[in-house]
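Next come the chains, spelled out residue by residue.
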Amino acid sequence: MPDLIQLLPDAVVNQIAAGEVIQRPASAIKEMLENAIDAAATEISVILKEAGRTLIQVIDNGCGMSETDARMCFERHSTSKIHQADDLFAIFSYGFRGEALASIASISQVELKTKKHDAELGSCVEIEGSTVKNQYPVACQPGTSISVKNIFFNVPARRNFLKSNTAELRHIFDEFFRVAIAHPEVKFSLFHNNKPIYQLPAGNLRQRIVNIFGNQYNQKLVPVEQTSSLVNISGFIGKPEFSKKTRGEQYFFTNKRYIRHPYLHHSVENAYKELIPDDSYPTYFIFLEINPARIDINIHPTKTEINFLDSKDIYAVIQSTVRQSIGKYNITPAIDFDVETGLDIPPPQPGQPIRPPTITINPDYNPFEPRINHPARDHKKHIPGQWEKLYTDHLQKQEQEDQQGFPSQMDIPEQVPAQDPAIPTIFQLENRYIIARIKSGLVVIDQQYAHERILYERYLKVLQSSLNVSQQQLIPFQVDLSPVDADLVNELLPELHSIGFEIQPFGKNTFLVSSIPADLDRNEIRDILERIIENVKKNLDLSAERYTLVARTMARAAVSKRGKKLMEREMLSLVEQLFACQTPDVSPDGKQVLIKITTEELNKKFK
Ligand code: ADP
Ligand code: MG
């Protein structure tokens, strides 16, 4: 029998490696930017066409490569950054695995032009699917330029897997930010389809953050600083009142390498605990400087996940450092940075005050004396039977649907018992549940979910029609956004407009809001926009209808929070509106809105 096993050809091996290292255009950018930094570049440009699908070019003024290196760099496991196993424990460069360029060259058409600073001529290498097509001397600038064309041209599965241009561009920007924030001393620029998108001059960290995310960051940040034998911490964190409803800007760097580390992230969140609302996220740009022998970066090909030998201690140091900075800032709110000169857009309205969730307790409430102290006695205007009728209608509708084959969790009450006018038909429990009497027993409604359902259906209607429900603002409200978010808002303008937002672009990344939807409060504008942006971002890759996303976000945002005490009149109106909805049983997010308990079920329990 012949032997079956053979070594795979290099081109195949490289493609397999590319599967891990290069998932999308953004991964190629990351590797190329890191190589440019490793080459000590002080100026780096990125040129993109069609979100990187047809062209990703990175040009740097770094050390450049010799003629031989220009050919060698595409070999698998070829690196100038380590020489022996021990070097793995003293890594200060981004690269060391020597597989990025080999991987990139196996799945695209690459043109490399490179020249060392002391060389007369540079070299050009053209390579396609791991095959060198051409190599010749060229006259070029010192440094390196790598063009990656038609990424995944020979891997249709990968190419077809790519998302929309907006989504791919987002991934690219994310990688670009990570390197640019880690290296404010380097000048960066990024062009997309010949349009300049980012121009980041060399500067300090604070200036870099402001240049990327917008001027409003000037007053949002406080420095963090701590030196210890274990780890040095530096960077900036966001003031608690500027916490965002979107995950937004959360950056950890270890020895200038961007990392994802849920455990250390938790230490920052913990430091903010009770200072920001539960559904908000702190902003942070935290740099850890640590002995490379105490970390392992080689656990994942893209090196964004790393292991710390002393993660517990680092957790504690980060938490106390962040706490300390927040505390310092609270005592001296006027802590000031060297304010940047140049164009200054006026600061936005201060963020919302911090509102911890409140639970109000009615001290007079006595469950054994419902007739005397019951909150439902507050109002006598209730016309019995009004919402009960709606509810019955709803059930009947459901029954008809059932008969047509639609499933339903509800059943129809058989008999309408005579109402005892002295017994309240509706009351509130724990300021969260509405309990109402129905013909067949009682129904328990989660008031927040109910409200969300009502608003959601209302917004959907508004979005699908052209009703005008906005309130004009006397003074337009100014919102500053990051360039990425600003792009998204520009895209969403039609949906936002039809829901009642009147928004005009006002210079770069700034918008003026002159009208807002009727049930919103001016203070909530920024919040809601942030939430909508976040929701749309999260769902960019899904094909969810944009207007359902917008309606759902608006409903969640505009909803009265749990813990609100309701008058009988308010409860009745809520219940009425709920049963006028198309789908009263579930919230827009799929949570159960109501539970029905029939008298029969009660009878069984008391047997
Ligand atoms: P690694 O970065 O892990 O060493 P790469 O495949 O990314 O592996 O790069 C291989 C080698 O090519 C690098 O070690 C470096 O010597 C050289 N190289 C790559 N990009 C550049 C660049 N922009 N400037 C100078 N040298 C480069
Ligand atoms: Mg590299």
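The numbers attached to residues start from 1 for each chain and follow its sequence in the written order. Numbering of ligands from 1 and lettering of chains from A proceed in the order in which they are written. Side-chain atom pairs in this predicted model are given and counted only at pLDDT of 80 or more, local residue features only at pLDDT of at least 70, and totals for whole chains, interfaces and linings cover all residues. Computation of side-chain values: all heavy atoms of the structure, hydrogens and water removed.

Caption draft 1: Just the overall build of the protein chain, in detail. In terms of helices and strands, the protein chain carries 17 helices and 22 strands. For the protein chain, buried positions account for 49% of its 607 residues. With an accessible surface of roughly 30,500 Å², the protein chain has 53% of that area assigned to carbon and sulfur atoms. A run of H or I in DSSP becomes a helix once it reaches four residues, and a run of E becomes a strand once it reaches two; helices and strands are each numbered from the N terminus. Relative accessible area decides the class of each residue, using a 1.4 Å probe on protein chains only: under 20% of the type maximum gives buried, over 50% gives exposed, and in between gives partly exposed. Calculation of accessible area relied on Shrake-Rupley with a 1.4 Å probe; when residues are assessed, cover is drawn exclusively from the protein chains displayed.

Caption draft 2: Representation of unusual backbone geometry within the structure. Phi is positive for alanine 40, close to 65°, though the residue is something other than glycine. Within the fold, alanine 40 resides in the loop between α2 (25-38) and β1 (43-49).

Caption draft 3: View of helix α12 (residues 447-464). In this scheme, a helix's expected span is set at 1.5 Å multiplied by one less than its residue total. Across its 18 residues, α12 extends 26 Å between first and last C-alpha, which sits within 8% of the 26 Å expected from 1.5 Å per residue. Judged by how many residues are buried, α12 sits mostly within the fold: 15 of 18 residues are covered. Whenever a nitrogen or oxygen atom comes within 3.5 Å of another N or O atom, the pair is scored as a polar contact, on the condition that within protein one atom can donate a hydrogen and the other can accept it, and that pairs from neighbouring residues in sequence are kept only if both atoms are in side chains. Of the residues flanking the start of α12, the one acting as N-cap is aspartate 446, its side-chain oxygen 3.0 Å from the backbone nitrogen of glutamine 448.

Caption draft 4: Molecular detail of the site of ligand 1. Nearness is judged by heavy atoms alone; a residue qualifies as near a molecule or strand once a single heavy atom is within 4 Å of it. Close to ligand 1 lie 17 residues; Asn35, Thr79, Ser80, Lys81 and Gly98 are nearest. Threonine 79 has a polar side-chain atom sitting 2.5 Å from an oxygen atom of ligand 1. Serine 80 is positioned such that a nitrogen or oxygen atom in its side chain is 2.5 Å from an oxygen atom of ligand 1. Summarising the interface, the protein chains cover 93% of the accessible area of ligand 1, which totals 530 Å² for the free molecule. Three categories are distinguished: nonpolar for Ala, Val, Leu, Ile, Met, Phe, Trp, Tyr, Cys and Pro, charged for Asp, Glu, Lys and Arg, and polar for the others, with Gly belonging to the last. Taken together, the residues of the shell around ligand 1 sort by class into six nonpolar, seven polar and four charged.

Caption draft 5: Just the pattern of salt bridges, in detail. We count a salt bridge whenever a side-chain nitrogen from Lys or Arg sits within 4 Å of a carboxyl oxygen from Asp or Glu. As enumerated under the stated definition, the model contains 14 salt bridges in all. Residue glutamate 175 is joined to arginine 178 by a salt bridge in which the shortest nitrogen-to-oxygen separation is 3.4 Å. Of this pair, glutamate 175 and arginine 178 are both found in helix α6 (residues 165-182), three residues apart, which corresponds to roughly one turn of the helix. Overall, the relative accessible area of 13% leaves arginine 178 in the buried class. A salt bridge links arginine 432 to aspartate 446, with the nearest nitrogen and oxygen atoms 3.2 Å apart. On the criterion of sequence distance, the pair formed by arginine 432 in the loop between β16 (426-429) and β17 (433-438) and aspartate 446 in strand β18 (residues 441-446) is long-range, its members being 14 residues apart. Judged by its relative accessible area of 5%, aspartate 446 is buried. Connected through shared salt-bridge partners, Lys30, Glu31 and Glu34 make up one network.

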